[in-house]
Amino acid sequence: MRLALEITPNLEPLFGTRDENLRLMEDSLGVRIDLRSDAVHVEGPEAGVTRVKGVFQDFEALRRQGVNLHNGELNGMLRLVVADATTTLRSLVDAGKQRSAGIKRAVQPRSVNQRKYVEAIEQSDMVFGVGPAGTGKTYLAVAMAVAAMNAKKVSRMVLVRPAVEAGEKLGFLPGSLQEKVDPYLRPLYDALYDLLEPEKVDKMLEKNVIEVAPLAFMRGRTLNDAFIIMDEAQNLTRMGNNSRAVITGDITQIDLPNPRKSGLVDAINVLEGVEGIRFCHFEDSDVVRHALVQRIVRAYEAAKPQQQELPLGMGEGMEVQGQGREVRKAQQPAKPQ
């Protein structure tokens, strides 16, 4: 099937940087797209050509409504459109508007797994977001929490993160308790200030409408009417009535000594299939940071088997050697007085 699409004013952003969006549609939909002086010529299977036509029509309709999508956002949305025949640009933008009410930046998933994650948070009381750094686990969770508060679905937001690196030595760090733990909570603050005006964030923090706290401080508490985000955490028993929780983590970056079992890994194994709990797994292809981050994640994934075996083997060897030295020391005859 062949089709000529009209070149309308300001259509260029749809093409993407170096025509990357056109190449995405070509590769995913099995079509050929040629830019001519008079029109955009599309050739290929009828289904693919029809979907390309729908993308061009939606983009033009959104532009006339004043919706201008920047390239990173548009590329992510097009990935969703080509992956699912029932998804359109307009439906994604409309869903993003609903989630972004009262937020200065649009909340828009940029991959299929991110979309599943956002939909799971909307539909379930507890959601696990598991995957490598840069996949949007924390940012999207904070955005959904802000959206839920703006829609009056919850009355407060509780953001929890462990200060694992500090361990039991917080007392030796300089400054007040808040100054000691703030560096470990910085990813949550960054997301808040990116989504809301700084003055509004400060006011909500002051009134405890938004509470940011280290995981250790959650013991003994029951949180009602709250949106709880446990970033890089595994304690799941803080939920009260009319609350929902999002637990994020990366099982490849567990800050625990080898002999101790990760609570996140244990929770995934134990809670799989429990009604009301959804698990969303991210991959390196979901990374939305610099392209180099994707390559770093892939490199560590490839090296993971060696990394898991080496410390354990070395640790066991060192322990045996240490015990041997103690035995030899004990067996040495006493020196003459």
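Preceding block: the structure.
Our subject in this report is the structure included herewith. Quick caveat, the model's predicted, so the values are computed rather than measured.

The rules behind the values
Residues numbered from 1 in each chain as written. Predicted model: local features only at pLDDT ≥ 70, side-chain atom pairs only at ≥ 80, totals over all residues. Heavy atoms only, no water. Pairing = 2+ DSSP bridges. Helix = DSSP H or I, 4+ residues; strand = E, 2+ residues; numbered from the N terminus. Axes fitted to C-alpha atoms, helices over the stretch in contact; angles between N-to-C directions. Parallel < 35°, antiparallel > 145°, perpendicular 65-115°, else oblique. Left-handed = near helix turned anticlockwise from the far one by under 90°. Contact = heavy atoms within 4.5 Å. Nonpolar A, V, L, I, M, F, W, Y, C, P; charged D, E, K, R; others polar. Buried < 20%, exposed > 50% of the residue type's maximum accessible area, 1.4 Å probe, protein only. Arc of directions from axis to C-beta. Salt bridge = Lys/Arg side-chain N within 4 Å of Asp/Glu carboxyl O.

Strand order in the open sheet made by the three strands is β1-β3-β2, with antiparallel pairing throughout. One side of each edge strand has no neighbouring strand; the edge strands of this open sheet are β1 (2-6) and β2 (32-35). On average, each strand axis in the sheet is inclined to that of its neighbour by 20°, with strand direction left out of account. As paired elements, β2 and strand β3 (residues 39-43) share four bridges and run antiparallel to each other. Paired with Leu 35 across the two strands is Val 40, which belongs to β3.

Orientation of helix α1 (residues 20-29) relative to helix α2 (residues 46-64), taken along the N-to-C sense of each, is 155°, at an axis distance of 10 Å. In terms of orientation, α1 lies roughly antiparallel with respect to α2. Here α1 and α2 pass one another in a crossing that is right-handed. Counted together, Leu 22, Met 25 and Leu 29 of α1 and Gly 48, Arg 51, Val 52, Val 55 and Phe 56 of α2 form the full contact between these two elements. Its residues assigned to classes, the contact of α1 with α2 comprises six nonpolar, one polar and one charged.

Here we have six strands laid out as an open sheet, ordered β6-β5-β7-β8-β4-β9, and parallel in their pairing. Strand pairing shows two members of the sheet lacking a second neighbour, β6 (210-214) and β9 (277-281), which therefore form its edges. Mean inter-strand twist for the sheet, computed between neighbouring axes without regard to direction, equals 15°. As judged from the five bridges shared by strand β5 (residues 156-161) and strand β7 (residues 226-231), these two strands associate in the parallel manner. The partner of Val 160 across the bridge, within β7, is Met 230.

Moving on: α1. Buried within α1 are the following residues: Asn 21, Leu 22, Leu 24, Met 25 and Leu 29. With its buried residues spanning 155° around the axis, α1 presents them on a single face. Its buried side turned inward, α1 meets β2, α2 and α3 (71-83).

It is generally the case that most residues other than glycine have a negative phi and that most peptide bonds are trans. Positive phi values are uncommon outside glycine, yet Arg 18 reaches one of about 55°. Topologically, Arg 18 is positioned in the loop between β1 and α1. Positioned with a positive phi, Asp 19 is a non-glycine residue whose angle comes to about 60°. Along the chain, Asp 19 turns up in the loop between β1 and α1.

Take the pattern of salt bridges next. Within this structure, the stated rule accounts for seven salt bridges. The shortest N-O distance in the salt bridge between Asp 34 and Arg 32 comes to 3.2 Å. Note that Arg 64 is salt-bridged to Glu 60, the shortest N-O span being 2.9 Å. Of the two residues, Arg 64 and Glu 60 are both situated in helix α2; the distance of four residues between them amounts to about one turn of the helix. Connected through shared salt-bridge partners, Glu 60, Arg 63 and Arg 64 make up one network.

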